Amino acid sequence: MKRLSDVQRIGYGAMRLTGPGIMGPPADPDEAVRVLQRAVELGVDHIDTSDYYGPYVVNDLIREALHPYPPELVLVTKVGARRDEAGAWLPAFSPDEIKEAVHDNLGRLGVERLGGVNLRLMDGFEGSFEEQWTVLADLRSQGLVVELGLSSCTAEQVRAAQGIAPVSMVQNAYNVAHREDDDLIEELEDQGIWYVPFFPLGGFSPLQLGTVDEVAARHGATHMQVALAWLLQRSPNILLIPGTASVAHLEENLAAGRLRLDEADLAELDAIGR
């Protein structure tokens, strides 16, 4: 099975293929299927998902749209959380729940092996996750998972996990305006660990977004394309998984891979994150 080191740097995050609040089915299930199929047609070989998107909705759509999967496709999921009927995000973090979630993802997606599994740490988590990470390491040794990662984590937590089993990827919130993980990205690059940012355009102030818009106008691009291009040029260990429920928006996101920002653009954008 292909590893993350072999995938295209822009993949697809499937979280948005749900109803409002990442709950329930999408308003247009046919369009959701078209988005997934078009992504693969355009060369996307890394799809990020989870059973708790929907819940179950996204994994069911991925299987409907793409199974049997092309051999080059890497499916990466997340475990460690669940949704209640009101849509709240709750921990599902016991070792048994972690094991059950991996097997549930395998079954829903219809695969014998997952390309990657991220252990999601709830916001502000400070306790030990040795038992949970050991469960994932055991599942990896059984051949059910290819690579392991952490989501919403700190540098210290990455180091703790590394003492048990290799960390291949980290998924944290990061973008040109919110740069708390700058040092972590560099540390991970030195270790050959992939960094997969979520919310690539989240939480911008109007002034910050105005700067991104100005750069975009000079290139005939959208502000999202500029935000994605900045991430690609920020560090070679960054992989992107922008999400959308629209084929047109998907094609726009993937086109960001062809956008090259010059030194003046980068300086202008870097300044808004300081």
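Model, not experiment: these values are computed from the prediction.

(A) Structural view of the sheet that holds strand β6 (residues 114-120). Taken together, seven strands build an open sheet; the order of strands is β1-β2-β3-β6-β7-β8-β9 and the sheet is parallel. Only two strands of the sheet have a single partner each, and these edge strands are β1 (12-13) and β9 (194-195).

(B) Region of interest: unusual backbone geometry. With an omega of -15°, the peptide bond between Gly54 and Pro55 qualifies as cis. Mapped onto the elements of the fold, Pro55 is located in the loop between β2 (46-48) and α2 (57-66). Omega for the bond connecting His67 with Pro68 falls within 30 degrees of zero, at 0°, which places this linkage in the cis form. With respect to the helices, strands and loops of the structure, Pro68 is situated in the loop between α2 and β3 (74-79).

(C) Representation of the packing of helix α8 (residues 223-234) against helix α9 (residues 247-255). Remark: α8 packs on α9, axes separated minimally by 8 Å, with the N-to-C direction vectors making an angle of 40°. By the criterion of interaxial angle, the relationship of α8 to α9 is oblique. Between α8 and α9 lies a crossing of right-handed hand. Facing α8, whose interface residues are Met224, Gln225 and Leu228, α9 presents His249, Glu252, Asn253 and Ala255. Here the contact of α8 with α9 is built from residues that sort into three nonpolar, three polar and one charged.

(D) Layout of the packing of helix α3 (residues 95-109) against helix α4 (residues 130-141). In contact at an axis separation of 8 Å, α3 and α4 are set at 35° when each is read in the N-to-C sense. As for how α3 packs across α4, the hand of that crossing is right-handed. Across the interface between the two elements, Pro95, Ile98, Lys99, Val102 and His103 of α3 pack against Glu131, Gln132, Val135, Leu136 and Leu139 of α4. The class makeup of the residues in the contact of α3 with α4 is six nonpolar, two polar and two charged.

(E) Molecular detail of the layout of surface pockets. By volume, the largest pocket amounts to about 650 Å³. Along its surface, the largest pocket is lined by 30 residues, and Met15, Arg16, Tyr53, Phe198 and Phe199 are the ones closest to its centre. Every element with two or more residues in the lining of the largest pocket is listed here: α8 and α9. In terms of residues, the lining of the largest pocket owes the most to one element, α8, which gives three residues. Across the lining of the largest pocket, the residue classes break down as 17 nonpolar, eight polar and five charged. Within this model, the second largest pocket holds a volume of roughly 310 Å³. Lining the second largest pocket are 17 residues, and of these Tyr56, Ala81, Arg82, Ala92 and Asp104 sit closest to its centre. Tallying contributions element by element places α3 first for the lining of the second largest pocket, with five residues. Across the lining of the second largest pocket, the residue classes break down as seven nonpolar, three polar and seven charged.

(F) The arrangement of helix α6 (residues 182-191) in detail. Looking at α6, one finds that the buried residues are Asp182, Leu184, Ile185 and Leu188. End-on view of α6: buried residues confined to an arc of 160°, all on one side of the axis. The outward face of α6, more than 90 degrees from its buried face, is lined by the exposed residues Asp183 and Asp190. Looking at the packing, one finds that the buried side of α6 touches α5 (155-162), β8 (169-171), β9 and α8. One or two positions beyond α6, positive phi appears at Gly192, with a value near 75°.

Reading the values: the criteria
Residues numbered from 1 in each chain as written. Predicted model: local features only at pLDDT ≥ 70, side-chain atom pairs only at ≥ 80, totals over all residues. Heavy atoms only, no water. Pairing = 2+ DSSP bridges. Helix = DSSP H or I, 4+ residues; strand = E, 2+ residues; numbered from the N terminus. Axes fitted to C-alpha atoms, helices over the stretch in contact; angles between N-to-C directions. Parallel < 35°, antiparallel > 145°, perpendicular 65-115°, else oblique. Left-handed = near helix turned anticlockwise from the far one by under 90°. Contact = heavy atoms within 4.5 Å. Nonpolar A, V, L, I, M, F, W, Y, C, P; charged D, E, K, R; others polar. 1 Å grid on protein atoms, 1.4 Å probe; cavity = no way out; pocket = protein on both sides within 12 Å on 5 of 7 lines; lining within 4 Å. Points joined across faces, edges and corners; volume = space filled by probe spheres on them. Buried < 20%, exposed > 50% of the residue type's maximum accessible area, 1.4 Å probe, protein only. Arc of directions from axis to C-beta.

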